Protein chains: 2
Amino acid sequence: MASPVSSDRPALRVALLGCGVVGSEVARLLTEQSDDLASRVGAPLELVGIAVRNVDAPRGAAVDRGLLTADAEGLVARADIVVELMGGIEPARSLLLAAIGHGASVVTANKALLAEDGPALYAAADAAGVDVYYEAAVAGAIPIVRPLRESLTGDRVRRVLGIVNGTTNYVLDRMATEGLDLDEAVKEAQQLGYAEADPTADVEGFDAAAKAAIIASLAFHTRVGLADVHREGITGVTAQDVVWAAQTGHAVKLLAIAEQTADGVAVRVHPALVPLDHPLAGVRGSFNAVFVEADAAGELMFYGRGAGGAPTASAVLGDVVSAARHRVLGGKSPEESRYADLPVLDPSRSETRFQVRLLVADRPGVLAQVSQAFSDAGISIESVRQTPVAADGLAQLVITTHLASEAGFAATAASLGDLAVVREITSTLRVEGAR
Amino acid sequence: MASPVSSDRPALRVALLGCGVVGSEVARLLTEQSDDLASRVGAPLELVGIAVRNVDAPRGAAVDRGLLTADAEGLVARADIVVELMGGIEPARSLLLAAIGHGASVVTANKALLAEDGPALYAAADAAGVDVYYEAAVAGAIPIVRPLRESLTGDRVRRVLGIVNGTTNYVLDRMATEGLDLDEAVKEAQQLGYAEADPTADVEGFDAAAKAAIIASLAFHTRVGLADVHREGITGVTAQDVVWAAQTGHAVKLLAIAEQTADGVAVRVHPALVPLDHPLAGVRGSFNAVFVEADAAGELMFYGRGAGGAPTASAVLGDVVSAARHRVLGGKSPEESRYADLPVLDPSRSETRFQVRLLVADRPGVLAQVSQAFSDAGISIESVRQTPVAADGLAQLVITTHLASEAGFAATAASLGDLAVVREITSTLRVEGAR
């Protein structure tokens with residue numbers, strides 16, 4: 001498909017660090033599409049080595065074993081572009097800093113490293129005049145870094161809502177469509193390879209929190225680290241929550257939320273009720289999507305595969321081509337190290353809507369007492385739905401509030417717990433994306 | 001919000017050609033966000049003039065009347081970045097070529113010009129070593145040019161399905177949700193300002209066809225002009241079509257389709273049935289969305305506002321910042337003038353699925369005759385749905401095929417018309433996006 005490249009240019013030397021599912025796919029594409037890539041870059045790309053821990057371990061057929069080396073430092077020293085797909089903090093960080101020190105451009109899919117230490121990496125790259133690209137670190141194949149870094153750079157982002165973890169989206173989707181409970185859905189996801197044997201990083205929201213930190217840093221030109229992200233996973237979500245979400249016109253989604261308020265930037269990850277007519281509510285299975293609200297652009301959404309070898313490799317290759325083009329034609333990726341540095345808010349300061357389910361005594365006057373607890377904290381109620389419960393003279397109340405602060409809602413929940421007529425606060429979920 | 005720019009760099013001179021809804025919004029943002037923009041570019045942006053046909057016409061309050069000039073040629077000669085928002089072929093083309101000749105980078109939202117003469121413009125810009133950016137020309141605020149040009153450049157795009165005209169999407173959505181017929185829905189869209197007084201460009205698919213040509217050129221690195229696009233608007237879509245679409249699990253959408261086949265590239269615009277579980281089916285009201293299928297990335301979708309002053313201005317500003325950064329830091333947008341130049345297929349060669357509604361005599365043996373007409377043309381039927389019709393001893397058949405060529409289906413339709421038992425072929429619609 002490529003037109004012939006009349007290139008006397010020397011090849012650009014590409015080094016891969018790591019050769020797992022994504023790495024071996026990147027190696028395959030670099031080889032199989034070398035003509036196309038050379039045409040788009042303006043010079044050939046030569047894969048000069050793949051650093052792995054154990055050169056003797058079994059590999060896919062697409063990997064040329066002659067390229068494997070255990071000497072990552074040596075490999076980095078002889079590359080123009082270093083692609084890091086090892087994950088984890090060390091030795092990834094040291095190797096990327098060494099690459100930058102040698103004048104190489106770097107491409108990484110390492111969300112944990114970027115969430116922990118992105119600013120140091122960006123500053124080193126800017127000082128050295130080289131590129132750092134990381135499209136694959138946030139939402140796999142979905143281009144979201146480039147739109148935030150470039151397309152929206154003349155606009156102001158107000159809020160980003162992301163479904164950035166495919167495992168939890170699959171689990172919540174199966175709970176909704178098949179009536180599974182959480183454990184059953186997680187087990188199914190494990191059998192299908194969507195969830196790890198130890199699903200903690202996904203179901204407890206750690207993976208989404210790292211991505212939220214990167215998204216917030218990008219969207220608001222502000223240093224946001226993992227410690228700034230309020231994190232709550234999906235382990236508290238019950239089959240009943242999902243049923244009641246549907247009955248009140250919502251889907252349950254694990255959202256990564258980054259928003260700019262008058263006081264600063266707030267970043268949080270938690271399960272949320274999303275209205276069924278919101279584009280995020282229709283994101284099914286293990287797909288990811290990032291919904292952006294900007295002053296001028298209005299609402300945007302980016303949807304696709306957030307994980308997997310081939311989708312992630314697609315994003316990595318796009319970054320490799322961009323970095324390589326810059327080395328051939330000049331130029332540099334937009335700098336990340338020039339920060340507006342807005343204050344990062346304590347999560348208790350952020351505002352949202354809440355939906356709470358209560359078991360209460362089924363008799364007159366109860367709703368008045370319950371409503372009073374909300375109004376005492378200055379929280380206004382949007383809707384109440386009351387259903388009798390078969391047993392024990394109880395009723396269920398489903399109460400949805402207007403915007404309220406976390407602190408205000410916590411005070412309300414405490415007063416509700418003290419009321420004799422309230423038997424149990426069954427569930428509390430935040431509501432996001434109402435328009 | 002911006003950090004201070006320690007810039008001794010001279011300002012970059014920006015010229016606007018055109019001052020309509022989008023132009024005045026771009027002028028406003030350039031002024032109001034000048035600190036942010038200077039910070040992101042690394043140098044101030046100075047709006048040096050706005051070329052208009054009539055400098056005395058009334059303008060919005062945001063436009064500094066001292067910047068208005070009728071001398072577009074003179075303005076272009078003293079700008080570093082020329083932003084063309086006039087529309088139409090001339091004088092837009094001559095002014096952009098003059099700007100490139102003077103060494104300026106250009107940003108345009110002019111889909112008609114790019115569909116007609118994009119390749120000449122890109123070649124001139126490449127020869128001069130300047131940028132051509134046109135994010136706003138395809139889908140308003142939705143970043144789709146950058147993802148296709150850069151993010152997916154290491155991947156292979158197989159097919160693009162786009163809802164790229166907000167007016168027709170609004171009209172079809174109202175027909176589906178409110179049961180309106182086409183004329184009523186168009187009238188409503190006109191009252192709301194979504195449709196022009198003369199809606200021809202939208203409802204006949206001309207606007208979508210220009211965008212389809214640009215998308216196909218980008219996705220497949222091939223010169224595709226407006227004349228290569230098979231075009232059919234929504235004027236033939238009836239309220240009954242929309243009702244039957246829903247009953248068979250589909251939504252009716254006007255799609256711009258660009259796909260790569262073994263023989264070349266096929267590009268077409270027509271109304272299509274989209275399965276309700278496809279992400280494009282959920283694109284409501286006047287929103288746009290572009291759905292991309294790529295070898296490695298899998299399915300991606302980009303969603304947002306495809307038109308309107310502020311959304312389009314957001315895309316234009318993003319392009320201005322990218323072009324300005326390149327002038328400060330070096331670099332250039334990826335070249336469009338390096339083509340793979342795949343053959344562009346005659347539309348009759350493309351393959352799709354069809355859903356046809358027939359009025360037939362309600363008696364035994366009719367389905368066998370009808371089925372024979374399909375099988376004679378080598379077309380395989382996926383499903384048949386038969387419903388009695390109250391009057392005249394007739395029945396309605398709704399037949400959905402597997403993949404068939406346009407030519408094969410035309411032959412079938414002709415044989416069906418010749419059958420005595422077929423009273424009428426009520427409707428024929430293509431089915432897209434089945435997975």
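Remember, it's a predicted structure, so these values are computed and weren't measured experimentally.

## Some details on the interface of chain A and chain B
Piece 1. Residue-level contacts link 54 residues of chain A with 54 residues of chain B.
Piece 2. With both chains or domains summed, chain A and chain B bury close to 4,600 Å², and 53% of this area falls on carbon and sulfur atoms.
Piece 3. Where R156 of chain B meets D36 of chain A, a salt bridge forms, and the shortest distance between an N and an O atom there is 3.7 Å.
Piece 4. Where chain A touches chain B, the interface holds 12 residue pairs in polar contact (both at pLDDT 80 or more).

## Re the side chain of D241 of chain B
Residues and elements named next belong to chain B.
Piece 1. Along the chain, D241 turns up in helix α12 (residues 239-247).
Piece 2. With relative accessibility at 5%, the residue D241 sits in the buried group.
Piece 3. One polar contact links D241 to R357, side chain to side chain, over a distance of 2.6 Å.
Piece 4. Setting aside its immediate chain neighbours within four residues, D241 contacts G236, V252, R357, S427 and L429.

## Here's the deal with the sheet that holds strand β4 (residues 81-84) of chain B
Residues and elements named next belong to chain B.
Piece 1. Spatially, β3-β2-β1-β4-β5-β6 is the arrangement adopted by the six strands of the open sheet, whose pairing is parallel. Both edges of this open sheet fall to β3 (68-69) and β6 (132-133), since each of them pairs with a single strand only.
Piece 2. Of the strand pairs in this sheet, β4 and strand β5 (residues 105-108) are connected by four bridges, and their pairing is parallel. The partner of E84 across the bridge, within β5, is T108.

## Thoughts on the relation of the copies chain A and chain B
Piece 1. For the pair chain A and chain B, the best superposition has an RMSD of 0.1 Å and corresponds to a rotation of 180° with a translation of 0.0 Å parallel to the axis. This pairing of chains is accounted for by a two-fold axis. In terms of C-alpha distance to the rotation axis, chain A has G331 of chain A as its closest residue, with the C-alpha 1.8 Å off the axis.
Piece 2. By residue overlap, the copies meet face to face through one surface: 98% of the interface positions of chain A are interface positions in chain B.

## Looking at the pairing of strand β17 (residues 422-431) of chain A
Piece 1. Across two bridges, strand β10 (residues 264-275) of chain A lies against β17 of chain A in parallel orientation. Among the inter-strand pairings, A272 of chain A is bridged to a residue of β17 of chain A, identified as R430 of chain A.

## Side note on the domain arrangement of chain A
Often, the extent of an interface is quoted as the loss of accessible area upon association of its parts.
Residue and element names in this part refer to chain A.
Piece 1. The domain boundaries assigned to chain A delineate domain 1 (12-140 + 310-329), domain 2 (145-306) and domain 3 (350-431).
Piece 2. Between domain 1 and domain 2, the C-alpha centre-to-centre distance is 27 Å.
Piece 3. Taken together, the 16 residues of domain 1 in the interface contact 20 residues of domain 2.
Piece 4. Here domain 1 meets domain 2 over a buried area of about 1,400 Å², counting both sides, of which 61% is carbon and sulfur.
Piece 5. Measuring nitrogen to oxygen at the nearest pair gives 3.3 Å for the salt bridge that ties D207 to K111.
Piece 6. In this structure, the connection of domain 1 to domain 2 is made through seven residue pairs in polar contact (both at pLDDT 80 or more).
Piece 7. Taken together, the elements giving at least two residues each to the side of domain 1 that touches domain 2 come down to α5 (111-128), β6 (132-133), α6 (136-139) and α13 (309-329).
Piece 8. Class assignment for the residues of the side of domain 1 that touches domain 2 results in 10 nonpolar, three polar and three charged.

## Overview of the UniProt feature "domain: ACT" (unreviewed entry) in chain A
Piece 1. Mapped onto this numbering, the UniProt entry annotates "domain: ACT" (unreviewed entry) at residues 355-433 of chain A.
Piece 2. Between the C-alpha atoms that bound residues 355-433 of chain A there is a distance of 13 Å. The span itself is 30% helix and 44% strand.

## Structural notes on the environment of A307 of chain A
Residues and elements named next belong to chain A.
Piece 1. Structurally, the position occupied by A307 is in the loop between β12 (298-305) and α13.
Piece 2. Judged by its relative accessible area of 52%, A307 falls in the exposed class.
Piece 3. In this structure, the C-alpha to C-alpha distance between A307 and G60, residues 247 residues apart in sequence, is 19 Å.

## Comments concerning the confidence of the model for chain A
Residue and element names in this part refer to chain A.
Piece 1. Scored by pLDDT, chain A comes out at a mean of 92, with 98% of its residues at no less than 70.
Piece 2. Looking at the elements of chain A, mean pLDDT is at its lowest for helix α2 (residues 34-41), recorded as 89, and at its highest for strand β4 (residues 81-84), recorded as 98.
Piece 3. Confidence over residues 1-6 falls short of pLDDT 50; this stretch has 14 contacts with residues more than four positions distant or in other chains.

The rules behind each value
Residues numbered from 1 in each chain as written. Chains lettered and ligands numbered in written order. Predicted model: local features only at pLDDT ≥ 70, side-chain atom pairs only at ≥ 80, totals over all residues. Heavy atoms only, no water. Contact = heavy atoms within 4.5 Å. Buried area = accessible area lost by both parts, 1.4 Å probe. Salt bridge = Lys/Arg side-chain N within 4 Å of Asp/Glu carboxyl O. Polar contact = N/O pair within 3.5 Å; in protein donor to acceptor, adjacent residues only side chain to side chain. Helix = DSSP H or I, 4+ residues; strand = E, 2+ residues; numbered from the N terminus. Buried < 20%, exposed > 50% of the residue type's maximum accessible area, 1.4 Å probe, protein only. Pairing = 2+ DSSP bridges. Least-squares fit on C-alpha atoms with pLDDT ≥ 70 in both. Domains from an automatic or database assignment. Nonpolar A, V, L, I, M, F, W, Y, C, P; charged D, E, K, R; others polar. UniProt positions renumbered as here; feature names shortened; annotations may be inferred. pLDDT = per-residue confidence, 0-100.

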